[in-house]
Amino acid sequence: GFPTPAAAQGNEVAFMFLLIASVLCQVEPVGRWFEAFIKRRNINVSASFQELEDEKELSEESGDEELQLEEYPMLKTLDPKDWKNQDHYAVLGLGNIRYRATQKQIKAAHKSMVLKHHPDKRKAAGEQIGEGDNDYFTCITKAYEILSDPVKRRAFNSIDPTFDNSVPSKSEAKENFFEVFSPVFERNARWSNKKNVPKLGDMNSSFEEVDAFYSFWYNFDSWREFSYLDEEEKEKAECRDERRWIEKQNRAARALRKKEEMNRIRTLVDNAYSCDPRIKKFKEEEKAKKEAEKKAKVEAKRKEQEAKEKQRQAELEAARLAKEKEEEEVRQQALVAKKEKEIQKKAIKKERQKLRTTCKNWNYFSDNEADCVKMMEEVEKLCDRLELASLQCLNEALTSTTREGGKAAVVKQIEEINEQIRREKEEAEARMRQATKSSEKSTTGGGGGSKNWPEDDLQLLIKAVNLFPAGTNSRWEVIANYMNLHSTTGIKRTAKDVINKAKSLQKLDPHQKDDINKKAFDKFKKEHGVVPQMDSAAPSERFEGSPLDSSPWTTEEQKLLEQALKTYPVNTPERWEKIAAAVPGRSKKDCMKRYKVRSLTSSWDCTRPGLERILCFCCSMRYCPRDSV
Amino acid sequence: MAAIGVHLGATCACAAVYKDGRADVVANDAGDRVTPAVVAFSESEEVVGLAAKQSRIRNISNTVVKVKQILGRSSGDPQAKKYITESKCSMIEKNGKLQYEIDNKLINPEDVAKLIFSKMKETAQSALGSDVNDVVVTVPFDFGESQKNALGEAATAAGFNVMRLIHEPSAALLAYGIGQDSPTGKSNVLVYKLGGTSLSITVIEVNSGIYRVLATNTDDSIGGVCFTEALAQHLASEFQRSCKHDIRGNPRAMMKLMNSADIAKHSLSTLGSANCFVDSLYDGLDFDCNVSRARFELICSSLFSKCVEAIKKLLQQVGFTADDINKVVLCGGSARIPKLQQLIKDIFPTVELLNSIPPDEVIPIGAAIEAGILLGKENTLLEEDALIECSAKDILLKGVDESGADKFTVLFPSGTPLPARRQHTLHAPGNISSVCLELYESLGKSPMNEEEKFAQIVLQDLDKKEDGLHDILTVLTMKRDGSLHVTCTDQDTGKCEIITVEVAS
């Protein structure tokens with residue numbers, strides 16, 4: 001023994017710190033204490049060994065004391081022959097504890113019943129005793145016989161007459177699910193082979209608990225069996241064959257009942273499952289979760305789209321602003337140019353006026369009237385033709401010199417101007433000549449150069465070709481004869497000539513053909529009809545040097561170009577390469593030209609192919625240095 | 001009702017029977033208590049036991065030995081590879097399973113084990129005179145799940161109802177009944193098992209009658225066979241000295257010599273010297289030689305030191321000194337060697353060396369005892385690992401001894417399986433009116449200080465007694481979650497104080 005320390009220090013209260021939790025250890029599954037431990041754990045007693053032992057002893061001792069045997073009122077009227085339908089627990093006075101009764105209790109109950117009801121006892125008390133087996137005491141013996149044998153007791157427990165086999169219907173549990181089903185499950189839990197049957201729980205049970213509950217009950221492993229209800233008793237059989245037959249019968253009956261039992265449990269669980277508000281809740285939660293996920297997805301998508309849209313808007317806005325700015329700049333430039341032009345115009349006007357006044361002051365460098373008039377004319381011409389700079393020079397020279405010097409300068413200028421005018425005229429003439437020549441060449445080239453084909457003859461030829469369609473026998477000879485017969489020119493033509501001419505005619509522009517058809521009688525008009533041909537020939541020469549595509553700009557291409565111009569602002573490096581890349585089928589040069597044309601006309605609305613062509617033509621004239629105009 | 005425990009070793013198998021509260025090893029039909037785990041396949045029959053071992057000289061490719069080493073292993077296992085190269089039987093892999101190929105027939109290792117189990121069953125039944133099915137089978141601690149399953153299947157195939165597979169070291173403890181009498185106290189036991197082909201040392205903590213393995217170490221490179229081989233080598237050199245013939249390259253002669261050395265080794269465990277005699281060992285020459293125990297110990301001195309070093313290594317691994325071990329259990333046939341026992345005794349001079357049961361019978365007897373415990377129980381097979389809650393720290397009660405110095409009493413040693421209850425009675429001098437109980441928790445052996453005090457209970461207004469003592473009964477109950485209930489009662493007045501110490505979450 002140890003002496004406890006005297007309570008000296010401030011000992012009014014018992015204070016406590018917290019312990020650290022227990023740890024899980026793996027132990028060897030051997031030895032009696034391990035078995036005891038596991039058993040204790042399985043029966044869920046949280047006590048030490050001593051306590052368990054104590055309790056066991058206690059229960060053994062107190063069991064007899066506490067065991068309150070209920071007297072079965074009908075006991076004395078029981079018919080021993082009808083033992084199968086009797087409640088053996090009630091017979092032994094254990095009606096209140098039934099299947100929970102321990103073997104010891106059963107034994108004790110039997111003992112007390114025997115002490116009370118044994119025929120010898122009653123005989124001593126002077127009671128009437130039934131004959132042999134007919135006495136109700138046989139029932140007590142039978143009850144003990146069944147309840148003391150674990151197998152027979154299990155069989156009897158299985159068909160316990162007081163057990164409520166009912167299964168609540170779905171409608172019953174609509175309102176108070178837990179109140180209805182909880183006792184039912186607890187009642188049926190006793191059939192489970194496994195210990196620790198999960199409880200139904202309540203509304204606050206977690207999903208795992210509910211899941212475990214239903215999976216347990218759906219896989220319910222029952223020990224309930226129905227051998228007690230066997231119709232025939234195996235022991236009664238007289239021979240082996242009969243025994244076998246009985247066994248077979250019994251087995252079938254048991255299997256049927258077992259199946260029914262399983263169905264019952266199944267229905268119970270099904271009903272519970274379908275009524276369980278928690279399952280509904282979980283399903284709803286699941287659904288809500290899914291919905292929320294879906295919503296979140298949609299939301300995310302929408303946001304993304306919005307962001308995209310915003311970005312696009314911003315881009316568009318930026319482009320629009322840039323465009324506006326550009327336009328503004330162009331307008332400003334145009335304004336400036338206009339102003340400059342006006343200034344220049346004014347300056348020229350002023351200079352001209354100055355020249356005129358100086359000349360007038362000096363009386364046009366002559367004294368006689370005729371000379372004066374002629375000089376005036378010349379000066380006027382000078383005023384018209386001279387540029388601002390040369391005019392200024394001239395004026396300066398005139399102001400700085402005397403009348404004679406001025407005259408010399410003016411005359412020299414006039415001469416220069418006249419020379420220029422003459423040269424221009426000559427050039428124009430030469431060009432005219434060349435043009436007529438080339439046109440003549442083109443018109444005569446079709447005839448193969450062998451014979452002249454006047455307009456009348458051409459008309460006739462066309463008529464003849466139409467008259468004798470392809471497939472006519474020796475068509476071209478016939479046409480030639482026809483021509484010779486009807487021709488007014490009197491030129492003899494062979495079939496070969498006719499073929500050549502017809503072929504060359506076919507090669508010609510159909511418009512020209514039409515023109516020939518329409519205005520055949522008018523020679524002047526015929527010449528006029530050839531002029532466009534000359535025109536179209538002239539630019540084709542000029543286009544030769546440039547790779548300009550003659551194909552017109554379509555609306556789509558135009559749009560692409562505009563877009564590209566917007567996306568690549570002026571300061572972008574290699575802007576035109578990028579723009580060209582953005583417009584399929586167009587080179588860098590094409591695009592540049594196109595852009596220049598636009599800025600020239602300052603109108604972007606030139607999508608008509610006709611205008612296009614002219615514009616292209618203009619810009620090619622102006623911006624291709626190789627092309628001499 | 002009877003049940004048996006079977007130990008299948010690499011070289012030998014042994015069965016013990018539990019009957020009428022006693023466990024005893026049963027002798028086989030040859031009169032031996034231990035049956036060699038050797039199976040010989042011939043055209044017409046399978047022979048298990050001594051006959052197979054002896055006929056192995058002539059029938060080497062058809063005789064399976066050490067089947068335990070290959071059982072339940074896959075071909076990728078390094079141990080299995082080592083076994084295949086050493087085995088004299090051809091092994092092939094089929095459907096991912098290793099199988100013996102004997103006489104163009106494929107034989108599973110499980111089937112070989114089954115034959116051995118059948119032999120053990122036969123032996124037990126002939127000894128009992130009745131049919132017996134319930135069995136506890138031992139497995140080494142380092143056996144994996146597949147190996148355990150293979151062993152269990154083999155036993156089931158032999159017609160056994162395997163109640164449980166238990167580890168060999170715990171079976172050894174059970175054989176000596178360690179911790180079985182009263183479920184209190186805590187001790188550490190070292191199990192030294194030197195088997196035929198392996199040495200395994202295990203430290204087991206026994207707490208409240210429940211065993212817990214603290215550390216284990218298995219060395220497959222040393223076993224009883226090594227001693228036999230060393231002796232055979234010595235005998236071969238003796239033969240060479242006398243007869244001028246080197247027989248080391250002759251497998252058949254070496255095998256004869258091995259068998260002879262084995263017998264000599266066994267007798268040297270009890271006798272001072274042994275005689276080796278082999279008829280017509282080589283070239284018609286007989287071999288006759290006397291080996292003294294001293295000579296044998298000299299030959300095997302390096303092996304002995306290796307066997308002993310392993311103990312020191314394991315103790316170091318656990319952080320124990322020799323004094324922390326309370327008991328040493330010897331098992332495995334080779335633990336019979338007197339020199340080895342002496343060496344172990346030298347390491348643990350103050351410790352009780354348990355060798356009263358023949359070491360090669362310790363494990364089957366333990367298995368049989370466990371079988372007796374399980375007998376008549378339902379669901380004896382454990383579904384999951386045996387994990388139980390244990391207290392994490394020592395719980396101590398402070399007291400004062402006669403001289404007035406503090407004295408601590410351990411009420412719950414760390415590792416006590418929970419729930420648990422302890423009661424302790426203190427005697428206070430009758431002249432004081434109040435007492436104070438202080439509870440401490442501690443993890444190591446370091447001296448207590450105030451910080452480790454976690455609760456104190458004060459019992460006041462005791463009746464003063466001029467002579468005699470106050471009996472103060474303290475009952476501590478620790479629940480599975482680690483919370484502690486303390487009830488303190490004065491036996492005279494019935495005055496009572498109760499506190500509950502919850503777990504810090």
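Everything discussed here concerns the structure shown above.
Computed from a predicted model, the values in this text were never measured in an experiment. (Residues numbered from 1 in each chain as written. Chains lettered and ligands numbered in written order. Predicted model: local features only at pLDDT ≥ 70, side-chain atom pairs only at ≥ 80, totals over all residues.)

S.K.: Run through the overall build of chain A, naming residues and quoting values.
M.R.: When its secondary structure is counted, chain A shows 23 helices and one strand. By the burial criterion, 17% of the 629 residues in chain A qualify as buried. A separation of at least 24 residues holds for 58% of the contacts in chain A among residues at least 6 apart in sequence. (Helix = DSSP H or I, 4+ residues; strand = E, 2+ residues; numbered from the N terminus. Buried ≥ 20, exposed ≤ 12 C-beta atoms within 10 Å, placed from the backbone. Contact = placed C-beta atoms within 7 Å.)

S.K.: Quick rundown of the packing of helix H11 (residues 277–361) of chain A against helix H12 (residues 369–385) of chain A? Include the residues and the values.
M.R.: Residue and element names in this part refer to chain A. At their nearest, the axes of H11 and H12 sit 10 Å apart, and the two run at 160 degrees to each other. On the basis of their axis angle, the class for H11 and H12 is roughly antiparallel. The handedness of the crossing between H11 and H12 is right-handed. On H12, the residues that touch Arg 352, Leu 355, Arg 356 and Cys 359 of H11 are Val 379, Leu 382 and Cys 383. By residue class, the composition of the contact of H11 with H12 is five nonpolar, no polar and two charged. (Axes fitted to C-alpha atoms, helices over the stretch in contact; angles between N-to-C directions. Parallel < 35°, antiparallel > 145°, perpendicular 65-115°, else oblique. Left-handed = near helix turned anticlockwise from the far one by under 90°. Nonpolar A, V, L, I, M, F, W, Y, C, P; charged D, E, K, R; others polar.)

S.K.: Report on the pairing of strand E9 (residues 97–102) of chain B, specifying residues and quantitative values.
M.R.: All names here are of chain B. Of the two faces of E9, the one holding Leu 98, Tyr 100 and Ile 102 is buried and the one holding Lys 97, Gln 99 and Glu 101 is not buried anywhere. Bridge analysis of strand E8 (residues 90–94) against E9 gives five bridges, and the strand direction is antiparallel. Residue pairing across strands places Ile 92 opposite Gln 99, the latter belonging to E9. Following E8, the chain reverses through two residues before pairing antiparallel with E9; Asn 95 in that reversal takes a positive phi of roughly 55 degrees. Looking at chain direction, E9 and strand E10 (residues 105–107) are connected through three bridges and run antiparallel. (Pairing = 2+ DSSP bridges.)

S.K.: Which residues make up unusual backbone geometry, and what values go with them?
M.R.: Residues and elements named next belong to chain B. Not every positive phi belongs to a glycine, and Asp 103 is a case in point at roughly 55 degrees. Topologically, Asp 103 is positioned in the loop between E9 and E10. Taking the number of C-beta atoms within 10 Å as the measure of exposure, Asp 103 has 10 and is therefore exposed. Look at Ser 208: it is not a glycine, yet its phi comes out positive at around 55 degrees. Summarising the element assignment, Ser 208 is placed in the loop between strand E14 (199–207) and strand E15 (210–219).

S.K.: Explain the sheet that holds strand E6 (residues 46–48) of chain B to me, and be specific about the residues and the numbers.
M.R.: Residues and elements named next belong to chain B. Ordered in space as E6-E5-E7, the three strands form an open sheet in which the pairing is antiparallel. In the strand order of this sheet, the two ends are held by E6 and strand E7 (63–64), each with one partner. Across three bridges, the pairing between strand E5 (residues 39–41) and E6 is antiparallel. By the bridge assignment for E6, Ala 40 is matched with Val 47. Strands E5, E6 and E7 of the sheet are contacted by helix H3 (residues 109–128), whose axis makes an angle of about 60 degrees with E6.

S.K.: For the nonpolar core, give the residues involved together with the corresponding values.
M.R.: With 159 residues, the main nonpolar core has Ile 4 and Val 329 of chain B as its most contacted residues. In terms of residues, this core owes the most to one element, helix H11 (residues 359–374) of chain B, which gives nine residues. Each residue touching Val 329 of chain B, except ones within four places of it in the same chain, is listed here: Ala 172, Leu 173, Tyr 176, Val 189, Val 191, Tyr 192, Leu 354 and Val 362 of chain B. If you look at the next biggest cluster of nonpolar residues, it comprises 20 residues, including Val 91, Ala 109, Ala 143 and Phe 156 of chain A. (Core = buried A, V, L, I, M, F, W, Y, C linked by C-beta atoms within 7 Å.)

S.K.: An account of helix H15 (residues 455–467) of chain A is requested, with residue identities and associated values reported.
M.R.: Residue and element names in this part refer to chain A. Between its terminal C-alpha atoms H15 stretches 18 Å, which fits the 18 Å expected from 13 residues at 1.5 Å a residue. Within H15, the full set of buried residues consists of Leu 460, Leu 461 and Ala 464. The arc enclosing the buried residues of H15, seen along the axis, measures out at 105 degrees, which places them on a common side. (Expected span 1.5 Å × (residues − 1). Arc of directions from axis to C-beta.)

No statement about biological role is implied by the geometric values presented.
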